[in-house]
Amino acid sequence: MNETIKLLQNHRSNRNFVKGHLISKDEVNEIIKSIKQAPSWMNGQHYSVIVVDDQKLKEEIYSYTTRNKHIETSSVFFIFLADLTKQKIAADMKGKEFSFGGIDTLINTTTDTVLAMQNAAIAAESLGYGTVFCGGIKTVADKIIRLFNLPKYVYPICGLSVGKLDEELTTERIKPRFSNNTNIGFNSYSVATKEQIEEYDKVLELFAEKRETKIWSQKFADIYNKDNEPGDLKTIKEQGFEF
């Protein structure tokens, strides 16, 4: 097994960092270079990144989403934004009316953004740092938009905390995933079954992650309940992401 595969297969979320540890500018630049070489639909590069290394700014962001202490203790907090402002400039340059384009554009911009974010995580982990993605950023998107004065056609998708792992506090382990026959098919679609989900519930119960208060099936039954309307839909539309 080569080092890249080993790194990918040993990924785990790290939420405990040594507060005050500084990542060198050279290392941050290596992460940025890796971000910029992520695959991108038609080379559209439909994203931007805010690199937050100012402690006061990190604490401000943490105050919006206090379940995510790692933001405040991270060395660098990256905010990944779906961003169509460059495409808007291109339309203006060529005298074309700019249109968001609907669901297809939403998928393309989000895909570009998360591919860039994954490159960042892999690069940071290859340098020996811990990482954790922060989906909580999109739940406070309105506050992030105001804090950084984000223009129309820009929307926060996710955050990424990077820092030196606090070995004394860290409890995270490599989390078990679905069995292959649950979501991997060779030359055909793999149809998941109730029995496979029940088995996975048992696997995670044995894994016994302290932060989990529900079994997997209950957690996602609640998340995808018919009454679960995204609270940030109004903000998404205000930023020009019409679909």
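In the annotation of an unreviewed UniProt entry, the entry for the protein chain reads Nitroreductase family protein, and the organism field reads Gemelliphila palaticanis. Quoted verbatim from the Sequence similarities (unreviewed entry) heading of the UniProt record, the comment on the protein chain is "Belongs to the flavin oxidoreductase frp family."

What follows concerns the pairing of strand β2 (residues 76-83). Among the eight residues in β2, eight count as buried, and that is most of the element. What you see with β2 is no split at all: Val76, Phe78, Phe80 and Ala82 on one side and Phe77, Ile79, Leu81 and Asp83 on the other are buried throughout. In the sheet, strand β1 (residues 47-52) pairs with β2 via six bridges, with the strands oriented antiparallel. When the bridges of β2 are listed, Val52 appears paired with Phe77. Direction of pairing for β2 relative to strand β4 (residues 154-163): antiparallel, over a ladder of eight bridges. The partner of Phe80 across the bridge, within β4, is Cys158.

Now for the nonpolar core. It is characteristic of soluble globular proteins that their nonpolar side chains tend to be buried jointly. Formed by 46 residues in total, the largest nonpolar core has its most connected members in Ile35, Ile61, Phe77, Phe78, Ile79, Phe80 and Ile144. Among the elements of the structure, α2 (25-36), β1, α3 (55-64), β2, α6 (103-126), α8 (141-147) and β4 are those that each provide at least two residues to this core. Top element by residues in this core is β2. It accounts for seven residues. When near neighbours in sequence (up to four residues on either side) are disregarded, Phe77 contacts Ile50, Val51, Val52, Lys58, Ile61, Ile71, Cys134, Ile137, Gly159, Leu160 and Ser161.

So, about the sheet that holds β4. Ordered in space as β1-β2-β4-β3, the four strands form an open sheet in which the pairing is antiparallel. Because the sheet does not close on itself, it has two edges, and the strands there are β1 and β3 (130-134). Going from strand to strand, the sheet's axes swing by 20 degrees on average, the running direction of each strand aside. Packed onto the sheet, α2 meets β1 and β2 and runs at close to 170 degrees relative to β1.

For the rest of this paragraph, the subject is the pattern of salt bridges. Taken as a whole, this structure holds 12 salt bridges when the rule is applied. Among the salt bridges present, the one from Glu72 reaches Lys69, with a minimum N-O distance of 2.6 Å. Looking at Lys69, the relative accessible area reads 41%, which means it is partly exposed. For Lys219, the salt bridge is made with Glu212, and the minimal N-O distance between the two is 2.9 Å. Three or more residues joined by partner-sharing salt bridges are found here, namely Lys19, Lys69 and Glu72.

Of the residues making up α3, those classed as buried are Lys58, Ile61, Tyr62 and Tyr64. The buried residues of α3 all sit within an arc of 150 degrees when viewed along its axis, so they share a single face. Check the buried side of α3 and you find it contacts β1, α4 (70-73), β2, α7 (136-139) and α8. In this structure Asp54 caps α3, since a side-chain oxygen of it lies 3.1 Å from the backbone nitrogen of Lys56.

Moving on, we get to α6. The terminal C-alpha atoms of α6 lie 35 Å apart, and with 24 residues this matches the ideal 34 Å at 1.5 Å per residue to within 8%. If you check which residues of α6 are buried, you get Thr105, Asn108, Thr109, Asp112, Thr113, Ala116, Met117, Ala120, Ala121, Ala123, Ala124 and Glu125. Gly128 occupies a position one or two residues after α6 and carries a positive phi of about 95 degrees.

Cut-offs used in this document
Residues numbered from 1 in each chain as written. Predicted model: local features only at pLDDT ≥ 70, side-chain atom pairs only at ≥ 80, totals over all residues. Heavy atoms only, no water. UniProt positions renumbered as here; feature names shortened; annotations may be inferred. Buried < 20%, exposed > 50% of the residue type's maximum accessible area, 1.4 Å probe, protein only. Helix = DSSP H or I, 4+ residues; strand = E, 2+ residues; numbered from the N terminus. Pairing = 2+ DSSP bridges. Core = buried A, V, L, I, M, F, W, Y, C linked by side-chain atoms within 4.5 Å. Contact = heavy atoms within 4.5 Å. Axes fitted to C-alpha atoms, helices over the stretch in contact; angles between N-to-C directions. Salt bridge = Lys/Arg side-chain N within 4 Å of Asp/Glu carboxyl O. Arc of directions from axis to C-beta. Polar contact = N/O pair within 3.5 Å; in protein donor to acceptor, adjacent residues only side chain to side chain. Expected span 1.5 Å × (residues − 1).

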